[in-house]
Amino acid sequence: MHIIFDKNSKTFFLENKEISYVFKIEESGFLRHLYWGKRISRDSLNHLDYFTESQSVFLGDMDRMHPIEEYPLELGSFGNRGDYRESSISINNLGHRTLDLRYKSHKILSEKPEIDGMPSLRDGKTLKITMFDNVNKIKVDVFYTIYDDSNAIARRMEIVNLNDHEIKIEKAFSACVDIIPKENMQAITFHGAWLRERMQEKNDITHAGIEISSTRGVSSAQTNPSMIIAGANTTMYQGTAIGINLIYSGDFAIKAKQDQYGRIRLTAGINDEDFDWTLKKNEKFSTPEAVFVYSCNGINAMSQSFHNLYRNHLINSDWVKKSRPIICNNWEATGVDFNEKKLMRFIDSLKGSGVDTFVLDDGWFLGRNSDSSSLGDWIVDKKKLPRGLEFIIEYTHKAGLKFGLWFEPEMISKNSLLYQHHPDWAIKSNTIASEGRNQYVLDLSKNEVCDFVIDTINKYLDTYKINYIKWDMNRYLTESFSSELGTRSKEHHHRYNLGLYKVLDAVIKTHPDVFFEGCASGGARFDAGMLAFFPQIWASDNSDAYSRSIIQTHTSLFYPLSSIDCHVTTGTPNMQTGRMSDLTARFSVASMGSFGCEMDFSKLSDEDKRNIREFIAFYKKYFQTLVLSGDTYILSQMNDNNLWAQQIVSKDKALSAISILQGLNKPIPEEKRIYPQGLVASACYRIMVGKQEKLLAKLRGDTIMNAGINVNNWPLRSDPNGIGLNFGDFVGQTLILEQEENETIEKD
Ligand code: GLA
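Model, not experiment: these values are computed from the prediction.

Engineer: Can you help me understand the site of the ligand in this one?
Structural biologist: In the vicinity of the ligand lie 13 residues, with Asp-361, Asp-362, Lys-470, Gly-522 and Asp-541 positioned nearest. Separating an oxygen atom of the ligand from a side-chain N or O atom of Asp-361 is a distance of 2.7 Å. Contacts to the ligand include Trp-538, whose side-chain N or O atom sits 3.4 Å from an oxygen atom. Contact with the protein chains hides 97% of the accessible area of the ligand, taken as 310 Å² for the molecule alone. Per-class residue counts for the shell around the ligand are four nonpolar, three polar and six charged.

This is the structure we're talking about:
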């Protein structure tokens, strides 16, 4: 990967083995976008110049013949010479709102700078371009980073006010780019709700535009901060796919809109609907980082690029390659209704199961007998745990398990001691204070509140031998106001997130041995900002296999499998959907991520216990390392084919695991084949079915990938679990493909 500046043509080339991103400095100082796509040579630059027949009357000094609106740009500043496309930056300087940013200088940096107070990618090669508005005295640094192990370009801005007076930023998006589409393009976006996170929607990108956004203070279950721009004919494995993702956990917007010349302007950043920011003299505002991945080989390659990027350059490097704990959490089994005796029985029953961490969920602190009280009162409830937390922790450790604890640190219940002492710490306006799940959000824009949260969690981690924290967040922000901000209340949601990042940094950095998992009513804050702190996030409170096959697959389009926490739960019928699915099906789906359980082993039949023990051993043997570092392939999506199949292949291609789930059964079904990917064509693989590792066939990689595997006809009815894919609804299986050492079946 490299960044080259061609002095003659004043053109920047950001390149790696696969892609080129090219833009130039116009005579006038604007940054004109020239090309983004498959790697091209640096010759014949003039060919890339783009003009149209203009009818605009707004002639600019970019070129007397062509107004600025005709040009694909790298930055869209509001009010500038009749550029009516979506702007990426807008300021109010004593009423002047026309920002005229021109190139001043640039630098190719030896190290990627961190962003003040916000998570960002590490490494790569970074270009910093300084733009300047001489009249408004505003400096904007635009950052681009390119990587060699991912086809990503990371973008962000820093805005500095060089006036003696304060100015207001009304919009500050992280990135803007005008793409010149080769075909009709569609936007794939991910909407949802509690228990139904990251459902997929496809819309044509027209002149009406597509916009996804959040104003909830949190990235949200309703819209994930991610969008795929794909050609109408793009598939998983062919065609153009551009992935956009924000390394940010608060209010965001991602927009794609066609202009009058047929190009698509893409913008992404902090949502400007409920945002502005006052900058005093010499103050700087940093936007979060936006990531744009370009794939010439379909959506799956885009997804793999994100996985490589986030594993190698975002997720905490201490944890990214470490096997994740196999946890058993008591939430679905007990809710808040437990006592010491119940927990001891729960822990005892985990011995020998293969589970290595017991996680005590909600309900362990003062008076927390329902969700109507106690958040903020992080004092152990002696009625439930008379010998204290230390006893349960020691008991867990003696059972050979690690200990995990649930917290919801960003919250305060109205019915709590904390609220009695600090009612002003809860976010509320002068007229309304809406409770959500009977609780308020703590105002993390205030330093003293952040200090309280840091001290509380740190005290627990310093006092007790806690190995794992589940960090939950169960409501969105409403009635945003903070007494310290006064009229600057449009800064509140962003300041809340900056406070949260500060808290997480202070707690996590000082406890490198503790594993932190993120959660927000299931997967309501599954974003790359959180991934920088939590190597793993609870994907959904919905643990039904069918629902999970959809939720997890869409989540994995952007976020690596190891970051997706997936549990097998007892409930059949499932607690959230009432759907029946057998253990093998539930296991198959949960094994495509960081696996865990949520059930009371003491209540399981001996057969279920044995099966789960065998499943866990099987997961550890084949899946655990693959999930951490393998390449992921989506073979079949439930919504398209009534069949879900996802595959992971080790980087050396010697081992692969496939999980499969059928939707509704169809008697005399059409033939169903899956086409595995990523194998060595000439190598021979043993294909083994289920945890029994029953040999199905030995086939060459090219046969498997091209002829596929018929999943209707497995000899599975004799399986001790009695289930084959063609028998019943929501049945599933796993396949292991293991390369035979030094063996090819037929020589070429
Ligand atoms: C949220 C989480 C659950 C559980 C409960 C506890 O809903 O997603 O996993 O921890 O809170 O209140």
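Engineer: When you look at the nonpolar core in this model, what are you seeing that I'm missing?
Structural biologist: The tendency in soluble globular proteins is for nonpolar side chains to be buried side by side. If you look at the biggest cluster of nonpolar residues, it comprises 192 residues, and the most contacted ones within it are Tyr-310 and Trp-364. When residues of this core are assigned to their parent elements, the largest contribution, nine residues, is made by helix H11 (residues 606-629). Those residues in contact with Tyr-310, other than ones at most four positions away along the chain, are Leu-121, Asn-245, Ile-247, Val-291, Ile-315, Ala-528, Leu-531, Phe-558, Tyr-559 and Pro-560. Counting residues in hydrophobic clusters, the runner-up holds 19 residues, among them Ile-658, Tyr-685, Met-705 and Leu-737.

Engineer: Sorry if this is basic, but what is going on with the sheet that holds strand E30 (residues 594-598) here?
Structural biologist: Strand order in the closed barrel formed by eight strands is E21-E22-E23-E26-E27-E28-E29-E30, and the pairing between neighbours is parallel. Here the average twist between neighbouring strands, direction ignored, is 30°. With two bridges connecting them, strand E28 (residues 536-538) and strand E29 (residues 564-569) associate as parallel partners. Along E29, the bridge assignment pairs Trp-538 with Asp-565. Strand contacts of helix H4 (residues 388-398): strand E22 (357-360) and strand E23 (402-407), with the helix running at about 140° to E23, the strand carrying the most contacts.

Engineer: Which parts of the structure should I look at to understand unusual backbone geometry?
Structural biologist: Glycine aside, negative phi is the norm for most residues, and most peptide bonds take the trans geometry. Positive phi is not limited to glycine here, since Leu-195 has a value of about 70°. By the secondary structure assignment, Leu-195 is in the loop between strand E11 (185-191) and strand E12 (199-204). Residues other than glycine seldom take positive phi values, yet Arg-198 does so here, at roughly 50°. Within the secondary structure, Arg-198 sits in the loop between E11 and E12. Exposure remark for Arg-198: the relative accessible area of 2% places this residue in the buried category.

Engineer: Would you mind going over the environment of Ile-427 with me for this structure?
Structural biologist: Note that Ile-427 resides in the loop between helix H5 (417-421) and strand E25 (439-441). Look at Ile-427 and you get buried, because its relative accessible area is 5%. Once the C-alpha coordinates of Ile-427 and Ala-657 are considered, the two residues, 230 residues apart in sequence, prove to be 47 Å apart. Residues contacting Ile-427, with those up to four places away along its chain left out, are Val-441, Leu-442, Asp-443, Leu-477, Thr-478, Glu-479, Ser-480, Phe-481, His-492 and Tyr-496.

Engineer: What's the story with the sheet that holds strand E1 (residues 2-6) in this structure? I'm lost.
Structural biologist: Each strand in a sheet pairs with another by means of backbone hydrogen bonds, the pair being arranged parallel or else antiparallel. Taken in spatial order, the four strands make up an open sheet running E1-E2-E3-E4, and their pairing is antiparallel. The two strands at the open ends of the sheet, each matched to only one other strand, are E1 and strand E4 (31-38). For this sheet, the mean angle separating the axes of adjacent strands, direction not counted, is 15°. Two elements, strand E3 (residues 19-25) and E4, share seven bridges in a ladder whose sense is antiparallel. In the strand pairing of E4, Lys-24 is matched with Arg-32.

Engineer: Can you walk me through the pattern of salt bridges in this structure?
Structural biologist: Pairing is possible between side chains of opposite charge, provided their charged atoms come close. Evaluation of the coordinates by the stated rule reveals 47 salt bridges. Two residues, Asp-100 and Arg-102, come together in a salt bridge whose shortest N-O distance is 3.0 Å. The class of Arg-102 is buried, set by a relative accessible area of 15%. Here Arg-610 ties to Glu-614 by a salt bridge, and the two come within 3.2 Å at their closest N and O atoms. Here Arg-610 and its partner Glu-614 are both found in helix H11, four residues apart, which amounts to about one turn of the helix. Residue Glu-614 is classed as partly exposed on the basis of its relative accessible area of 32%. Residues participating in the shared-partner salt-bridge network are Asp-83, Arg-85, Asp-178, Asp-259, Arg-263 and Arg-265.

Engineer: I keep staring at a negative patch on the surface and nothing clicks. Help me out?
Structural biologist: Judged by side-chain charge, Asp-424, Glu-448, Asp-451, Asp-455 and Glu-484 come together as a negatively charged surface patch. Structurally, the position occupied by Glu-448 is in helix H6 (residues 447-463). Of the residues examined, Glu-448 reaches a relative accessible area of 40% and is grouped as partly exposed.

Engineer: Teacher, can you tell me more about the side chain of Thr-223 here?
Structural biologist: Along the chain, the position of Thr-223 falls in strand E14 (residues 223-231). One polar contact links the side chain of Thr-223 to the main-chain carbonyl oxygen of Ser-213, over a distance of 3.5 Å. Ignoring any residue separated from it by four or fewer positions in sequence, one finds Thr-223 in contact with Phe-190, His-191, Ile-212, Ser-213 and Phe-252.

Engineer: How should I be thinking about a nonpolar patch on the surface in this particular structure?
Structural biologist: A surface patch of nonpolar side chains, amounting to about 220 Å² of accessible area, comprises Leu-366, Ile-379 and Leu-417. Summarising the element assignment, Leu-417 is placed in helix H5.

Engineer: For this particular structure, what's the right way to read helix H3 (residues 340-348)?
Structural biologist: Burial in H3 covers these residues: Glu-340, Leu-343, Met-344, Phe-346 and Ile-347. For H3, the arc enclosing every buried residue in end-on projection is 160°, short of the 170-degree limit, so these residues lie on one face. Tucked into the core, H3 has its buried residues touching strand E21 (327-329), helix H2 (331-334), E22 and H4. Capping the start of H3 is the job of one residue whose side-chain oxygen sits 3.1 Å from the backbone nitrogen of Lys-341: Asn-339.

Engineer: Sorry if this is basic, but what is going on with the confidence of the model for the protein chain here?
Structural biologist: Any region with low pLDDT has predicted coordinates that should not be read closely. Averaged over every residue, the pLDDT of the protein chain is 93; residues scoring 70 or more account for 94%. A low-confidence stretch, residues 720-724 stays under pLDDT 50, and its non-local contacts, those more than four residues away or across chains, total 11 contacts.

Engineer: Explanation requested: helix H10 (residues 583-590) in the structure shown.
Structural biologist: For an α-helix, the turn length of 3.6 residues means that residues three or four places apart are oriented alike. With respect to burial, H10 is a largely interior element, eight of its eight residues being buried. All buried positions along H10 are accounted for by Leu-583, Thr-584, Ala-585, Arg-586, Phe-587, Ser-588, Val-589 and Ala-590.

Engineer: Mind showing me how you'd approach the side chain of Asp-141 here?
Structural biologist: Its location among the elements puts Asp-141 in strand E8 (residues 138-146). You can call Asp-141 buried: its relative accessible area is 2%. Here Lys-139 takes part through its side chain, which lies 3.2 Å from a polar atom of the side chain of Asp-141. For Asp-141, the residues in contact, after removing those within four places along its chain, are Lys-128, Ile-129, Thr-130, Arg-156, Met-157 and Glu-158.

Engineer: Before we go on, may I ask you to explain the packing of aromatic side chains in this structure?
Structural biologist: Geometrically, a pair of aromatic rings is defined through the distance of the ring centres and the angle of the planes. Tallied over the full model, the rule gives 46 aromatic pairs. Ring plane angle 35° and centroid distance 5.8 Å describe the contact between Trp-364 and Trp-378, whose orientation is recorded as tilted. With Trp-364 in the loop between E22 and H4 and Trp-378 in the loop between E22 and H4, the pair connects residues that are 14 residues apart, well separated along the chain. On the basis of relative accessibility, which here comes to 8%, the residue Trp-378 falls in the buried class. When the ring of Trp-364 is compared with that of Phe-407, the centres are 5.3 Å apart and the planes differ by 85°; the resulting orientation is edge-to-face. Of the two residues, Trp-364 is situated in the loop between E22 and H4 and Phe-407 in strand E23; the sequence distance between them amounts to 43 residues. For the pair shown, Trp-364 and Phe-407 are each scored as buried. A connected cluster of aromatic rings, assembled from ring pairs, spans Phe-5, Phe-12, Tyr-21, Phe-23, Trp-36, Tyr-144, Phe-292 and Tyr-294. Cation over ring: Lys-104 sits above Phe-132, and NZ or CZ is 5.5 Å from the ring centre.

What counts, and where the lines are drawn
Per chain, residues are indexed from 1 in the order of the written sequence. In keeping with the model being predicted, local features are shown solely for residues with a pLDDT of at least 70 and side-chain atom pairs are shown and tallied solely at 80 or more, while totals for entire chains, interfaces and linings include all residues. Calculation of side-chain values draws on the structure's entire complement of heavy atoms; hydrogens and water are dropped beforehand. Residues are counted as near a molecule or strand when any one of their heavy atoms sits within 4 Å of it. Here a polar contact means two N or O atoms within 3.5 Å. Within protein one must be a hydrogen donor candidate and the other an acceptor candidate, and residues neighboring in sequence count only if both atoms are side-chain atoms. Throughout, the Shrake-Rupley method with a 1.4 Å probe supplies accessible areas, and for residues the shown protein chains are the sole cover considered. Residues were grouped as follows: Ala, Val, Leu, Ile, Met, Phe, Trp, Tyr, Cys and Pro as nonpolar; Asp, Glu, Lys and Arg as charged; and all remaining residues, including Gly, as polar. The term nonpolar core refers to a set of buried residues drawn from Ala, Val, Leu, Ile, Met, Phe, Trp, Tyr and Cys, joined through side-chain atoms within 4.5 Å. The rule is simple: take the accessible area with a 1.4 Å probe, protein chains only, and divide by the maximum for that residue type; under 20% is buried, over 50% is exposed, in between is partly exposed. The secondary structure listing takes helices from DSSP runs of H or I that are at least 4 residues long and strands from runs of E that are at least 2 residues long, numbered from the N terminus. Note on contacts: a residue pair is in contact if any heavy atoms of the two residues lie within 4.5 Å. For two strands to count as paired, DSSP must find a minimum of two bridges between them. Helix axes are fitted to C-alpha atoms over the stretch in contact, other axes to C-alpha atoms as well, and angles between N-to-C directions run from 0 to 180 degrees. The term salt bridge refers to a pairing of a side-chain nitrogen on Lys or Arg with a carboxyl oxygen on Asp or Glu at a separation within 4 Å. What goes into a patch is any residue over 30% in relative accessible area without a salt bridge, connected to like charges within 9 Å or, for nonpolar side chains (Val, Leu, Ile, Met, Phe, Trp, Tyr), within 5 Å. By the counting rule applied here, Lys and Arg register as positive and Asp and Glu as negative, while His and the ends of each chain are not counted. For charged residues, the charge sits on one atom: NZ in Lys, CZ in Arg, CG in Asp, CD in Glu. Of all possible arcs, the one meant is that of the directions from the helix axis to the C-beta atoms. Confidence scores per residue from the predictor, reported as pLDDT, run from 0 to 100. Note on aromatic contacts: the rings of Phe and Tyr and the six-membered ring of Trp form a pair at centre separations within 6.5 Å, being stacked when their planes are under 30 degrees apart, edge-to-face when over 60 apart, and tilted otherwise. Here, a charge over a ring is recorded when the distance from Lys NZ or Arg CZ to the ring centre is within 6 Å and its angle to the ring normal is within 35 degrees.

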